Amino acid sequence: VTDRHQTTSHEIERYAGLFAKRTRQMRSSAMRDLMAITARPEVISFAGGLPDTSTFPASTFSAITTTIANESCASALQYGPTGGFEETKRCVAEVMAAEGMRADPEDLLITTGGQQVIDLVTKTLVDPGDVVICEAPTYPGAVPVFSSYEADVVQIEMDADGMRIDLLEETLDRLDGEGRLPKFIYTVPTFQNPAGVTMSGPRRKRLVEIARERELLVLEDNPYGLLRYEGEPLPPLRALDGGVYVLYLGTFSKIFSPGVRLGWVAAPGPVLAKIELGKQATDLCTSSLTQQVVDGFFSDGRWRGYVQEQCTLYRRRRDAMLDALAEFFPAEAEWTQPGGGLFIWATLPEFIDTEDLLAKALREENVAFVPGAAAFVDGRGGSSMRLNFSIASDDEILEGIRRIGKVVDEQISLYGTLSGRSTTRPASMRRDQRGTGAAPDDPGLADVVHFPRRAGERRGAQGS
Amino acid sequence: MSALRVALLKGGPSLERQVSLRSAARVEDALERLGLEVISIDVDTTLVEQLRESDADVAFVALHGRGGEDGTVQELLEIVGIPYTGSGVLACMRCMDKVLTKHLLTREDLPTPDFFAFSEVAFREFGAAKALPAIEERLGFPLVVKPAAQGSALGIKFAGSPADVPEALIAAFSYDERVLLERYVKGRELAVSLLEDDGGDVKALPVVEARTKQEYFFDFEARYEIGKTDYTCPADLPPEVTARAQELAVDTYRLLGCYAFARVDMILAEDGTLQVLEAQAIPGLTETSLLPQAADAAGISFDRLVERLVELALRRAAAVAV
């Protein structure tokens, strides 16, 4: 016998009448349902954003937790300060130094994951109807946060050099003309989620100047900066700005473990003080236990070697995915070439809706990705997808991309039949493209019909 | 009915897995309140073994979509010999396949919007694309493109002009090998739920009207999210329209050979006619689903509804055994 109360339809109506207005903006359940299927064991999923924690040595974890048990059991089980432990802040300062930034402990607040920073910053700065500016596409997980505070989200297009700063300025002028001042600009400048692109040096400088000129805050979200597979690092926005207008979000999730739920924010004193009050209201403090775990791993410098190993692993998987895309995705598709991070952003011909494609991919091929529309607030992105390459094995990457390529090919060929355009071509011709990732230059493909590409195509575009 | 063992079939690999899990969670609570023993089975490749091991007296099928609602699981239950809730194999096949449903309706002169149905093979191998202009002329715009077998509103698209049709077809073919193109009928969306009474007669429950804020479309999201759709039950209709809708629903139920319960979705067109869109052999049983709301409006609690479905399952099995 259960004592669970029976819910009737009337009561549902009653609850619905009690929901806050802002919950109406909380979006999407059909996709959430589909995404739930992607977790089934038989599915090769490129949908998550998971680091590969299977590489972390269990013996190391065991030693760290044993030390905590023996040396600081009571405090690990106790509440901690709202702002976080000083020891954890020292670890954060070390990670930030590795990214080229100086941070004093009084500039820092330890949070329950980086996601909480987005929430706390929005909670601190945004009244209903205020403008928040972000990239197009943006981190899908940020959208529900902005929505829940009833922000008016304005997205700025990106190209291969990150956010188009010229479009940002145009937008800021337009908003200014309408008497609307954006509260902050949210950006993932390095190895962006979901697009995989990195904001160029000149654009970083200009963005920081704009923030100063217009007295706007920037929330720099940098989970992937240390997951670099090639090239030289660019200075973080916070390093360029000195921490005056730039709020910096960091996290241990991608370089160590999302399971510890530890992130941080570095912000100017007055902003940090408000954020701390918000944090107190939300959850009093971040987990003492996991802060001690992080301290146990990061305080002796071992983390640097681990991050290097992860980079080697992810670089190989990225290359495997880029090779597989070149081999199995059609010539009409385009995709980004990330120099780091966890994601590739692929765009298909515009007649393909990637939400429907996901249903087909799951149903027929047991393979999954994130449909691009999740990264936009305005219905764009419908023919794009985000592909994660950090968690699947090389073999799974090859097989999974082959399967997605197959369903895409089927849709393209069917569209050709339906619209009277011939798109058939021998599959064998495509093998030559392996490793190039570029449009085919085989003269044998010259008569292949090319579909119109989407406006603002990303690959190779260099506008600023 | 104390001490009965009920195998509750839920989840499965269909795209409506999450909806099924929500339906099943409510059903499980109800079964437990009724004092029955529940064995929950998340349907996968071990289903037949699990059913055999369950030693269940009856199976409650809380599955939606492909596999669970199309006769497949029902066939397995027949083979394993466990009585089960809801319609039998043939009725499930007829309901799941919207094309078959509409052909049967048309044959019996029951109203349903004009339509044409094609398989992917027709387009790939028989040049069906050449027939599209004639179809478009016949159906007019906007027209609706749907996968033949998809229980929820996934994959349903509206085409406003000929240029939109190929894209809409591609979307629909993502869910099934067959699609139908249907005349768009503007009007009010009505859902008539049906439930057999203790005497085994099918009775139409009060009509539910569903209204979303969106212009065209009762979409998947609205259908399963609290607060996204306005439901009115009983729908505010003239008594004779309610009576006609209920009569049409009963006729559809009988035509398709449904058993125990079902839901018939229809449009009250602007010209006053009623047009059947489709029938659900296993209507949703979630907190926002229409059949439980309609039952509630008729004074039948969710627990009583679940109890009756179990009784009807046992009664059918007993009748077959005799």
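Look above for the structure.
Residues numbered from 1 in each chain as written. Chains lettered and ligands numbered in written order. Predicted model: local features only at pLDDT ≥ 70, side-chain atom pairs only at ≥ 80, totals over all residues. Heavy atoms only, no water.

Draft legend 1. Fine view of the overall build of chain B. Helix and strand counts for chain B come out as 12 helices and 13 strands. Referenced to the eigenvectors of the C-alpha coordinate spread, the extents of chain B come out at roughly 60 × 45 × 40 Å. Burial statistics for chain B: of 322 residues in total, 60% are counted as buried. If you sum the accessible surface of chain B, you get close to 12,200 Å²; carbon and sulfur atoms cover 52% of it. (Helix = DSSP H or I, 4+ residues; strand = E, 2+ residues; numbered from the N terminus. Buried < 20%, exposed > 50% of the residue type's maximum accessible area, 1.4 Å probe, protein only. Areas by Shrake-Rupley, 256 points an atom, 1.4 Å probe, with all protein chains shown as cover.)

Draft legend 2. Structural view of the environment of A:M35. Residues and elements named next belong to chain A. Note that M35 resides in helix α2 (residues 30-37). What makes M35 partly exposed here is its relative accessible area of 24%. As for M35 and D394, which are separated by 359 residues in sequence, their C-alpha atoms are 22 Å apart. Residues in contact with M35, not counting those within four places in the same chain, are A47, L358, F369, V370 and P371. (Contact = heavy atoms within 4.5 Å.)

Draft legend 3. How the structure looks around the nonpolar core. Counting residues in each nonpolar core, the largest one holds 146 residues, and the members touching the most others are A:F252, A:L387 and A:I401. With 13 residues, helix α13 (residues 302-328) of chain A is the single largest residue contributor to this core. In this structure, B:A62, B:L63, B:L77 and B:A295 belong to the second largest nonpolar core, which totals 80 residues. (Core = buried A, V, L, I, M, F, W, Y, C linked by side-chain atoms within 4.5 Å.)

Draft legend 4. Representation of the sheet that holds strand β11 (residues 343-347) of chain A. All names here are of chain A. Strands sit in the order β10-β11-β14-β13 across an open sheet of 4 strands; the sheet is antiparallel. A single partner strand is all that each edge strand has here, and the edge strands are β10 (334-335) and β13 (370-371). As defined by bridge partners, β13 adjoins strand β14 (residues 384-388) across 2 bridges and the pair is classed as antiparallel. Bridge assignment links V370 to a residue of β14, and that residue is R386. (Pairing = 2+ DSSP bridges.)

Draft legend 5. Quick peek at the sheet that holds strand β7 (residues 178-183) of chain B. Residues and elements named next belong to chain B. Strand order in the open sheet formed by 4 strands is β4-β7-β5-β6, and the pairing between neighbours is antiparallel. Here the strands that pair on one side only, and so sit at the sheet edges, are β4 (115-119) and β6 (157-159). For this sheet, the mean inter-axis angle between neighbouring strands, taken without regard to orientation, is 25°. Pairing analysis gives 3 bridges linking strand β5 (residues 143-147) to β6, with the strands arranged antiparallel. (Axes fitted to C-alpha atoms, helices over the stretch in contact; angles between N-to-C directions.)

Draft legend 6. Up close: helix α3 (residues 72-80) of chain B. All names here are of chain B. Buried within α3 are the following residues: V73, Q74, L77 and V80. For α3, the angular spread of the buried residues around the axis is 125°, confining them to a single face. Looking at the buried positions of α3, the neighbouring elements they touch are β1 (5-10), α2 (47-54), β3 (58-61) and α4 (89-96). Immediately downstream of α3, the backbone of G81 shows phi near 85°, a positive value. (Arc of directions from axis to C-beta.)

Draft legend 7. Expanded view of the packing of α4(B) against helix α5 (residues 98-107) of chain B. Residue and element names in this part refer to chain B. Running from N to C, α4 and α5 cross one another at 95°; their axes reach a closest spacing of 5 Å. By the criterion of interaxial angle, the relationship of α4 to α5 is roughly perpendicular. Contact residues: M93, R94, C95 and M96 in α4; K98, L100, T101 and L104 in α5. Within the contact of α4 with α5, the residues separate by chemical class into 5 nonpolar, 1 polar and 2 charged. (Parallel < 35°, antiparallel > 145°, perpendicular 65-115°, else oblique. Nonpolar A, V, L, I, M, F, W, Y, C, P; charged D, E, K, R; others polar.)

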